[in-house]
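Architecture and fold: a report
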Amino acid sequence: MSSTPSQPGQPAESTTLLSVQDLQVEYRTRRGAVKAVDHVSFDVSKNEVFGLAGESGCGKSTAAHAIIRILKPPAYITGGKVMFMGHDVRQMNDMELRRFRWRHVAIVFQSAMNALNPVLSVGNQIKDVLRAHTNMKPDETHERALELLRVVGIDTKRLGSYPHQLSGGMRQRAVIAIALALNPEMVIMDEPTTALDVVVQKQILQEIRQLKDEFGFSILFITHDLSLLVEFSDRIGIMYAGELVETAPSQEIFNSPRHPYTHRLMNSFPTIWGARQELLGIPGSPPDLITPPSGCRFHPRCELALADGTCKQVRPMLIDVSSKHRAACHLVEQQLAVQKETVP
Amino acid sequence: MENQVEIKTQRPRVTLRNLLPEWLWGFVRNPKAMLGTFILLSFVFIGLLAPDIAPLPERGGANRMVGRPHQAPDDEFWFGTTRQGQDVFKQVVHGTRTSLSVGFGAGTIIIILCIIVGITSGYMGGLVDELLSLLMNVFLVLPGLPLVIVISGWVDQPGPYTIGLVLAVTSWAYGARVLRSQTLVIRNSEFVAAARVAGEPSWRIVLFEILPNMISLVVSSWIGAVVFVILTEATLSFLGLGNPNAVSWGTSLYWAQNNQALLTRAWWTFVPPGLCIALVGFSLTLINYGIDEISNPRLRSGEGG
Amino acid sequence: MRFLVRRFLFYLVAAYVAITLNFFLPRLMVGDPVQVMFSKFQGRMDPRAVESLKETFGFVDAPVHEQYFTYLKHLVKGDLGISLTNFPVPVSEVISGSLEWTLRLVGIATIFAFSIGMILGTIAAWRRGKFVDTLILPIASILAAFPYFWIAMLALYYLAHIQGWFPIGHGYNLRLKEDWGDRAYVSSVIEHGMLPMLTVVITALGGWMLGMRNNMINVLAEDYITLAQAKGLSDRRVMLVYAARNAILPSLTGFAMSLGFVIGGALIVEIVFAYPGMGFTLLNSVNGRDYPLMQGIFLMITLSVLAANFFADVIYVLLDPRAR
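Residues numbered from 1 in each chain as written. Chains lettered and ligands numbered in written order. Predicted model: local features only at pLDDT ≥ 70, side-chain atom pairs only at ≥ 80, totals over all residues. Heavy atoms only, no water.

A few points about the nonpolar core
Note on soluble globular proteins: their nonpolar side chains tend to be buried together. Grouped together as the largest cluster of nonpolar side chains are 172 residues, with contacts concentrated most on B:Phe270 and C:Phe149. Per element, the largest residue contribution to this core is 13 residues, and it comes from helix α8 (residues 183-220) of chain C. Contact partners of B:Phe270, with chain neighbours within four places excluded, come to B:Leu253, B:Ala256, B:Ala261, B:Leu262, C:Trp150, C:Met153, C:Leu154 and C:Tyr157. Membership of the second largest hydrophobic core comes to 98 residues, among which are A:Val152, A:Ala181, A:Leu182 and C:Leu227. (Core = buried A, V, L, I, M, F, W, Y, C linked by side-chain atoms within 4.5 Å. Buried < 20%, exposed > 50% of the residue type's maximum accessible area, 1.4 Å probe, protein only. Helix = DSSP H or I, 4+ residues; strand = E, 2+ residues; numbered from the N terminus. Contact = heavy atoms within 4.5 Å.)

See the structure below:
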């Protein structure tokens, strides 16, 4: 791979695969409802890699799980729409949902050790998917399972191995093989490489990229590691305290982040291309989502918060900065207004 | 300045919640734990006030013949009489003392043994741990009740307290193993490592770092041991392996069985003592479920879904 | 395999401890064990036979360690001495007569209680807050806190004495001869076994059910369950192959202790029902001061428990690839 930060290849096709609109998810706890995902909207196009980033607890994983409706109580979807290829996922009944999952959208979890059933062989866990969704005969599922192992770079002799007999990297590959079993249109990757060491991490990301180009699926990539995301994805959404605060092509996020939080986030990680600036970190901690801050949720930690109290009182909306770049910040709003005035 | 931070000077309200430490507040709010505590305390009071609730004649005590044989419950004898004409109510009330004191006494010995063996094994590690673990596992796998029956066969009609002692000596393995694994977890934690580096002596680490961090486990093991002793002591007395003249719930049941109470349908001789054992066992088990739920909220029934 | 070999060696050690306990217990008691143990045999056997019986338990005129080896030697030969209450039948014969009753009762009851407990525990965790979880579970756990013998007494009193649905006590109709070819005898054995079995199952069920439920709840929070659901597998397959199969493992590991309780419970139930098994025989031996029989029974029960535990280990290995 070259040293430039991002290589979005061809511009993504404009056909929208997944469209999330005003998604709301609540955790119902004894202390009250936690608005873990609050009016989040984004689209993912065919063949695109869309990254969701933010601190842990910002709701990015919850949002992803809500898309294929695998939230567990006390988490509930309380509003919004999830459209996938024109079908409303929230309206699906159990049968439709079962068919929709994995055939169209598969998911790869953070920790492969916990994502694999310890008492079933890897082969059986792949075949399980095939048996549940297709009418393949045993020798066909066997062939397909071997093929999938080859695709993700696991020795086919490992088909009968159990998870504990595999290394961390191999387990993650096995989980990816399971995800690709039915050639889904989209794979959700929830921190797929966080538990791995850096070398294996880079290897696997590279392989995911190749697989994506080969099979042509979209990826919704979730991570707290923004630098990794900038390298890996075409577009990025930044979440803070349950809200989407900025979306833009990776290059733009990297070169000209507009939201103060994104700015901070960019500076709080070492990039793979060497320290661009000194690492700043973000003062304060993410807010309590049972009683989130009024106005802009980032305002208590934001050093640029407007002195007139707008940030504290008024909730900013996502507005277009450019055709592909949107941000939710009063400051950005003011700047744009000034630009408009000066350039009539 | 407009944006001045408001400092709310709320007067702290004095509520039960503020007065209790958090774990105790959780306990008070747990319905299972509270129901269990209520039942248990009732029995403790009955045991303490036994001489006032059911005064005993000077000679013969609770086993003295005071009425006709197998009288059904009435105003005079609330729980009826036995085949020997003894007052079942008096026997049950005074049996409470025996059962509770044997249970809590032997249960306490058991938990002390558990703490000593479990923590030593878990903290020392190495050969000591290997040997003690082997001992624990062997005692765990040997069938407890037959062993105790055999021992009481040799002792020949032991009283309730001797039975309690035998139970204490033979039944520490399970709790010890539970405490050992918890000790292992805590021993490998950072604050213990820090204490070690700071040069604290082992006994201080054990007493002030490890023990306080497994207090809920110790308490629930202790309660488990008490239930076990109460049930098993009653069982052995019921089998007639204890002293048949003792006043205890198990002994009452032994006499009921021996006097063909089932055949003569004298239900009042075996229902009240049995119910008392069951209620005490039940109350302690409830308290333990409560403690479990407080320390592991996932286990609560009827939530989610 | 290594796991099983290690377990097997451990059970050998446990058996050895039980055997040694049997040797030392009489010697730890106050008074003269020889006197206590054999006084009742005096006059019923000729003195030479009494001497050889003493030798069986190592009571020879020699230092303790030699006594010990004498005892072990007899044990290896399968010589458990002579029963007093069944004089002059050898202990081994008395035991083999009662062992089958207990093995049948405990064996079948354990299989039932364990499997029903696992199934109900699975359902209770899978359908939290529904019928099984909110109604059956509390009842079962309340029953588990009750004394076994009392439940047996109540069952015998109400179901047999008052309602007359079951025969009152004993292993079979005593007017019949013990003959497995006789259909009347077989059906009488079944009829007499029902209530004791039911009692053991009911009292043992709660513990296993509750344990399984709590394990299931912990397993259900695992990522591989979520993944299995996301994979679009049927609920049945997720519940059984992904959740229950993992949740059952701790129950098998804790089998030793649970089995100990079931055996204890079954012995008591036998006594209440006058069922001709090991428990009933053990109590009779204690009451009759039949020490050779008492020791022999303890040894047999222990060996059976160890064997059952080894069996549980084998199943564990079959279910958990990590133990292979």
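Moving on from the model shown.
Here we look at helix α9 (residues 173-187) of chain B
Residues and elements named next belong to chain B. Spanning 15 residues, α9 covers 20 Å between terminal C-alpha atoms, matching the ideal 21 Å at 1.5 Å per step. All buried positions along α9 are accounted for by Ala173, Gly175, Ala176, Leu179, Arg180, Thr183 and Ile186. Taken end-on, α9 shows its buried residues confined to a sector of 150°, consistent with a single buried face. Against the buried residues of α9 lie α5 (88-124), α6 (126-141), α10 (190-197), α11 (202-210) and α12 (215-238). (Expected span 1.5 Å × (residues − 1). Arc of directions from axis to C-beta.)

As for a nonpolar patch on the surface
All names here are of chain B. Among the surface-exposed residues, Leu41, Phe45, Leu48, Leu49 and Ile53 lie close enough to one another that they form a single nonpolar patch of about 470 Å² accessible area. The element contributing the most residues to the nonpolar patch is helix α3 (residues 31-48), with three residues. With respect to the secondary-structure elements, Leu41 resides in helix α3. (Patch = residues over 30% accessible without salt bridge, like charges linked within 9 Å, V, L, I, M, F, W, Y side chains within 5 Å. Areas by Shrake-Rupley, 256 points an atom, 1.4 Å probe, with all protein chains shown as cover. Salt bridge = Lys/Arg side-chain N within 4 Å of Asp/Glu carboxyl O.)

Some points on the environment of A:Ile222
All names here are of chain A. When you line up the elements, Ile222 lands in strand β8 (residues 218-223). Note on Ile222: relative accessible area 0%, which makes it buried. As a C-alpha pair, Ile222 and Cys311 span 89 residues in sequence and 28 Å in three-dimensional space. Residue contacts for Ile222: discarding those within four places in its chain leaves Leu52, Lys60, Ser61, Ala64, Ile188, Met189, Asp190, Glu191 and Pro192.

A word on unusual backbone geometry
Residue and element names in this part refer to chain A. For Glu191, which is not glycine, the phi torsion reads 45° and is therefore positive. Relative to the assigned elements, Glu191 resides in the loop between β7 (186-190) and α7 (198-215). For Glu191, a relative accessible area of 7% corresponds to the buried category. Unusually for a residue other than glycine, Ala241 sits at a positive phi of about 50°. With respect to the secondary-structure elements, Ala241 resides in the loop between β9 (235-240) and β10 (243-249).

Thoughts on the interface of chain B and chain C
Counting residues at the interface gives 48 residues for chain B and 57 residues for chain C. Of the roughly 4,800 Å² buried between chain B and chain C on both sides combined, carbon and sulfur atoms contribute 78%. Summed over the shared surface of chain B and chain C, the number is zero salt bridges. Inspection of the chain B/chain C interface yields two residue pairs in polar contact (both at pLDDT 80 or more). Broken down by secondary-structure element, the contributors of at least two residues to the side of chain B that touches chain C are α6, α7 (144-155), α12, α13 (249-258) and α14 (271-295) of chain B. Broken down by class, the residue content of the side of chain B that touches chain C amounts to 33 nonpolar, 10 polar and five charged. (Buried area = accessible area lost by both parts, 1.4 Å probe. Polar contact = N/O pair within 3.5 Å; in protein donor to acceptor, adjacent residues only side chain to side chain. Nonpolar A, V, L, I, M, F, W, Y, C, P; charged D, E, K, R; others polar.)

Section: the pattern of salt bridges
Residues and elements named next belong to chain A. As enumerated under the stated definition, the model contains 23 salt bridges over all chains in all. Residues Arg315 and Asp38 are paired through a salt bridge, measuring 3.2 Å at the closest nitrogen-oxygen approach. Here the residue Arg315 occupies a position in the loop between α11 (310-313) and β11 (319-320), and Asp38 occupies one in strand β2 (residues 32-45), the gap between them amounting to 277 residues. Its relative accessible area of 7% is what places Asp38 among the buried residues.

Quick word on the pairing of β8(A)
As a general feature of sheets, a regular strand has side chains that alternate between the two faces. Residues and elements named next belong to chain A. Of all the six residues making up β8, six are buried; the element is thus mostly covered by neighbouring parts of the structure. Where burial is concerned, the two faces of β8 agree: the one with Ser218, Leu220 and Ile222 and the one with Ile219, Phe221 and Thr223 are both buried. As paired strands, strand β3 (residues 49-53) and β8 are joined by five bridges and run parallel to one another. Residue pairing for β8: Gly51 is matched across the bridge by Phe221. Across five bridges, β7 lies against β8 in parallel orientation. Residue pairing in the sheet places Asp190 in a bridge with Ile222 of β8. Following the chain from β7 across α7 to the adjacent parallel β8, one finds a crossover that is right-handed. (Pairing = 2+ DSSP bridges. Right-handed = clockwise from strand over helix to strand, strands pointing away.)

Digging into the packing of α5(B) against α6(B)
Residues and elements named next belong to chain B. The N-to-C vectors of α5 and α6 enclose an angle of 140°; their axes lie 7 Å apart at closest approach. The orientation of α5 with respect to α6, classified from their angle, is oblique. Crossing angle aside, the handedness with which α5 passes α6 is left-handed. Only Gly126, Val128, Asp129, Leu132, Ser133 and Met136 of α6 make contact with α5, whose side of the interface consists of Val117, Thr120, Ser121, Gly122 and Met124. (Axes fitted to C-alpha atoms, helices over the stretch in contact; angles between N-to-C directions. Parallel < 35°, antiparallel > 145°, perpendicular 65-115°, else oblique. Left-handed = near helix turned anticlockwise from the far one by under 90°.)

Here's the deal with the interface of chain C and chain A
On the chain A side, the residues contacting the 26 residues of chain C number 25 residues. Taken over both partners, the interface formed by chain C and chain A buries close to 2,200 Å², and the fraction arising from carbon and sulfur atoms is 59%. Seen at the junction of chain C and chain A, the total is two salt bridges. Among the salt bridges present, the one from C:Asp235 reaches A:Arg98, with a minimum N-O distance of 3.8 Å. Summed over the shared surface of chain C and chain A, the result is 10 residue pairs in polar contact (both at pLDDT 80 or more). Here the side of chain C that touches chain A is built from residues that sort into 12 nonpolar, five polar and nine charged.

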